[in-house]
Every structure is written in C-alpha cells, then in structure tokens.
Number of protein chains: 2
Amino acid sequence: MDQAEVSALVDEVVEAWNSHDIPRYASCFAPDADFINVIGTWWRGRDEIEQNTGRLHSGPFQHTVLTLTLAGFKEIAPGIGVAHVSTLLQGHDASGPRRTTEPRPGIMTWTVSERDGGLEIVAGQNTDILSAPPPPATGT
Amino acid sequence: MDQAEVSALVDEVVEAWNSHDIPRYASCFAPDADFINVIGTWWRGRDEIEQNTGRLHSGPFQHTVLTLTLAGFKEIAPGIGVAHVSTLLQGHDASGPRRTTEPRPGIMTWTVSERDGGLEIVAGQNTDILSAPPPPATGT
C-alpha cells in the first residue's frame with residue numbers, strides 16, 4: 001500500500017460526495033464497514049452508510065461541497081493502513097454538534113484495506129474540530 | 001485475535017483511567033499511535049497521548065470515572081482488529097463539545113494490533129453521542 005493509493009481513495013470519496021452520487025460514495029466502503037458520524041451515530045455496513053448519507057444529501061447536505069486533505073498515512077500490516085483525513089464541509093444547512101451553517105472543519109480516521117483495483121474503507125470515524133474554550137473567569 | 005484479548009485491553013484502559021495511572025494508560029497505545037479526541041484534536045504518538053491525558057487528569061478529569069463496554073469487534077487481517085467501544089464519562093468538570101458536567105456517553109473506534117502479551121491501540125478516535133435535534137418548527 002502506498003500513499004498514491006490512499007490519495008486515489010480520498011479523491012474518489014470527494015468526487016462522489018460533490019456530485020451527490022451516493023452509490024458511488026458508498027462503494028468506497030467495505031460491505032461490512034462501520035462509520036461513526038460527528039454526533040456519534042454508528043452506521044453498520046455499506047447499506048446503512050448509503051441510506052443515511054443519501055438521506056442527508058436529500059436534506060441538509062443537498063448543496064454541500066466537501067474538501068478532503070490526506071493528513072497522514074501509515075501501513076500497519078500488509079494491505080492494511082490507517083489514514084487521517086482533514087475535512088472541510090461547506091454549503092450545508094445547520095448541522096454538526098454546534099448546528100451551524102458555518103464551514104465545518106473536521107478530522108477523520110479511516111482504516112483501509114486493499115481490494116481489487118484499490119482500497120476500501122473498513123472503519124471510519126469523523127469528528128468536527130472545535131476550539132477548546134478558555135478557562136472560566138475567576139471572578140472579581 | 002479473539003474477543004477475550006480485546007476485552008482484556010478494554011479492562012486495562014478502564015483500570016488505568018480510573019486509578020488515574022497515566023503511564024499505565026498510555027502503555028495501552030503503540031509508540032506511534034494516533035488518537036483523535038472529542039473536539040477533533042489529534043494527538044500523535046504515545047508521548048503526546050500521555051502528556052495530554054495527564055494534563056486533563058490534573059484538571060477537569062481529576063475525579064472522573066470511566067465506563068467502557070466492548071460494543072463490536074472484527075479481525076480484519078491476522079493480528080489486526082477494529083473494536084468499537086461505548087464510553088460513559090462521569091464526574092468531570094465542564095468538558096466535551098457541549099461543555100457539560102452531565103454524564104457524557106460516547107463511542108470510540110480503536111484499530112488494534114497484537115504485541116507481546118496482548119494488544120495495543122494503533123489508532124483511536126472518540127466522539128460524544130449527541131442527539132440530533134428535531135427539525136425546526138415551520139412557524140404558526
């Protein structure tokens with residue numbers, strides 16, 4: 001597994017998302033893939049990922065544009081890797097842990113596996129990047 | 001890799017956390033492990049995981065009690081597995097995406113690898129489980 005293969009998977013996910021081609025998006029995942037979204041909901045299997053992503057793209061994500069950047073990658077066994085992917089979601093209705101319409105930066109971990117002709121996501125999790133607030137004021 | 005090995009790792013993480021033994025906690029991770037916390041901060045390597053977890057246990061997590069439940073597990077290659085672990089954090093100061101002192105349920109993905117005598121976490125990510133809000137009212 002080399003970084004070019006991981007980058008190709010990142011590109012495929014972005015192109016599928018931004019063309020709102022949900023079957024193409026779902027096909028980036030293994031049939032038994034797990035995905036945890038930004039509010040901690042666990043989708044089990046490619047079918048659940050496809051149904052729920054489709055539901056969102058018919059609603060609050062209808063006009064979204066997703067930008068992904070491969071931020072890190074390591075092969076942990078032959079044909080198995082862990083990738084960290086920086087995300088930026090724009091154009092959404094109020095969504096995410098803060099229910100915001102502002103651009104939402106995030107970070108995903110993908111565990112990926114080789115299959116014929118490329119890689120597939122075996123497990124993924126996405127978290128919005130939120131600033132830690134300052135410590136509380138200590139009074140006057 | 002079998003489920004008993006994963007359960008042993010879960011138990012070790014819980015015992016280390018709840019006794020606030022941060023070196024013991026950090027030793028559950030591989031030296032080059034990655035961990036994404038609930039606000040999307042990426043800790044790279046066991047040392048960063050240990051420093052940051054220690055900082056939290058000297059502050060808002062000083063009196064925390066963590067409950068973990070192994071919710072799912074699959075071996076994806078010889079000696080490599082993906083575990084999903086349900087979390088419940090209690091006893092903390094205001095923390096998490098909602099800055100709450102209420103108990104915080106969450107879900108983690110761990111990618112784990114065999115090492116001498118057990119398993120270690122190669123990559124982990126934690127997300128608080130938040131309820132999706134109801135759709136906005138449509139007016140009167």
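Residues numbered from 1 in each chain as written. Chains lettered and ligands numbered in written order. Predicted model: local features only at pLDDT ≥ 70, side-chain atom pairs only at ≥ 80, totals over all residues. Heavy atoms only, no water.

**Q** Is there a simple way to think about helix 3 (residues 46–57) of chain B in this case?
**A** Working note: α-helix, 3.6 residues per turn, so residues spaced by three or four point in the same direction. Given a rise of 1.5 Å per residue, 12 residues ought to cover 16 Å, and the 16 Å separating the end C-alpha atoms of helix 3 of chain B matches this to within 8%. Looking at the buried side of helix 3 of chain B, the elements it contacts are helix 1 (3–18), helix 2 (22–26), strand 1 (29–36) and strand 2 (42–44) of chain B. (Helix = DSSP H or I, 4+ residues; strand = E, 2+ residues; numbered from the N terminus. Expected span 1.5 Å × (residues − 1). Contact = heavy atoms within 4.5 Å.)

**Q** When you look at the sheet that holds strand 5 (residues 104–115) of chain B in this model, what are you seeing that I'm missing?
**A** The pairing of strands in a sheet happens through backbone hydrogen bonds and is either parallel or antiparallel. Residues and elements named next belong to chain B. Pairing within the open sheet is mixed, and its 6 strands lie in the order 2-1-6-5-4-3. The two strands at the open ends of the sheet, each matched to only one other strand, are strand 2 and strand 3 (65–77). Across this sheet, the average inter-strand angle for adjacent strands is 20 degrees, counted without regard to direction. Contacts between helix 1 and the sheet are confined to strand 3, strand 4 (80–90), strand 5 and strand 6 (118–128), with strand 3 contributing the most and set at about 150 degrees to the helix. Across the sheet, helix 3 is in contact with strand 1, strand 2, strand 5 and strand 6; its angle to strand 2 comes to roughly 130 degrees. (Pairing = 2+ DSSP bridges. Axes fitted to C-alpha atoms, helices over the stretch in contact; angles between N-to-C directions.)

**Q** Explain unusual backbone geometry here, please?
**A** Note on backbone geometry: most residues besides glycine have negative phi, and most peptide bonds are trans. Despite not being glycine, His20(A) shows a phi value in the positive range, around 55 degrees. Here the phi dihedral of Arg99(B) falls at roughly 50 degrees; this positive angle occurs in a residue that is not glycine. Examined against the element boundaries, Arg99(B) turns out to sit in the loop between strand 4 and strand 5.

**Q** Which parts of the structure should I look at to understand the relation of the copies chain A and chain B?
**A** Put simply, the second copy of the chain is the first one after a rotation about an axis and a shift along it. Superposing chain A onto chain B requires a rotation of 180 degrees together with a translation of 0.0 Å along the rotation axis, leaving an RMSD of 0.0 Å. Within this description, the copies of the chain are treated as partners about a two-fold rotation axis. When the interface residues of chain A are mapped onto chain B, 100% of them again fall at the interface, so both copies present the same face. (Least-squares fit on C-alpha atoms with pLDDT ≥ 70 in both.)

**Q** It is not clear to me how the interface of chain A and chain B should be interpreted in this structure. Could you clarify?
**A** Interfaces are often sized by the amount of accessible area the parts lose when they come together. Across the boundary between the two partners, chain A contributes 34 residues, which contact 34 residues of chain B. Carbon and sulfur atoms make up 63% of the area that chain A and chain B hide from each other, which totals about 2600 Å². Taken as a group, Ile39(A), Lys74(A) and Gln125(A) account for 20% of the area that chain A buries against chain B, more than any other trio of residues on that side. Taken together, the connections running from chain A to chain B amount to 2 salt bridges. (Buried area = accessible area lost by both parts, 1.4 Å probe. Salt bridge = Lys/Arg side-chain N within 4 Å of Asp/Glu carboxyl O.)

**Q** Would you mind showing me how to read the nonpolar core here?
**A** The nonpolar side chains of a soluble globular protein tend to be buried, and buried together. Membership of the largest hydrophobic core comes to 29 residues, with the highest contact counts inside it found for Leu9(A), Val13(A), Phe29(A), Leu68(A), Val85(A) and Trp110(A). Going through the elements one at a time, helix 1 (3–18), strand 1 (29–36), helix 3 (46–57), strand 3 (65–77), strand 4 (80–90), strand 5 (104–115) and strand 6 (118–128) of chain A are the ones with two or more residues in this core. At 7 residues, helix 1 of chain A tops the list of elements feeding residues into this core. Apart from the residues lying within four places of it in its own chain, the contact partners of Phe29(A) are Phe35(A), Arg46(A), Ile49(A), Arg115(A), Glu120(A) and Ile121(A). If you look at the next biggest cluster of nonpolar residues, it comprises 28 residues, including Ala16(B), Phe29(B), Ala83(B) and Val112(B). (Core = buried A, V, L, I, M, F, W, Y, C linked by side-chain atoms within 4.5 Å. Buried < 20%, exposed > 50% of the residue type's maximum accessible area, 1.4 Å probe, protein only.)

**Q** What exactly am I supposed to notice about the packing of aromatic side chains here?
**A** How two aromatic rings sit relative to each other is given by the distance of their centres and the angle of their planes. Taken as a whole and judged by the stated rule, the model has 10 aromatic pairs over all chains. Pairing Phe29(B) with Phe35(B) gives two aromatic rings, centres 5.9 Å apart and planes at 90 degrees, and the pair type is edge-to-face. Assessed through its relative accessible area of 6%, Phe35(B) is described here as buried. Following the ring pairs from residue to residue traces out a cluster consisting of Trp17(A), Tyr25(A), Phe29(A), Phe35(A), Trp43(A) and Phe61(A). Seen from the ring of Trp42(A), Arg44(A) lies directly overhead, with NZ or CZ sitting 3.6 Å from the centre. (Phe/Tyr/Trp six-rings, centres within 6.5 Å; stacked < 30°, edge-to-face > 60°. Lys NZ or Arg CZ within 6 Å of the ring centre and 35° of its normal.)

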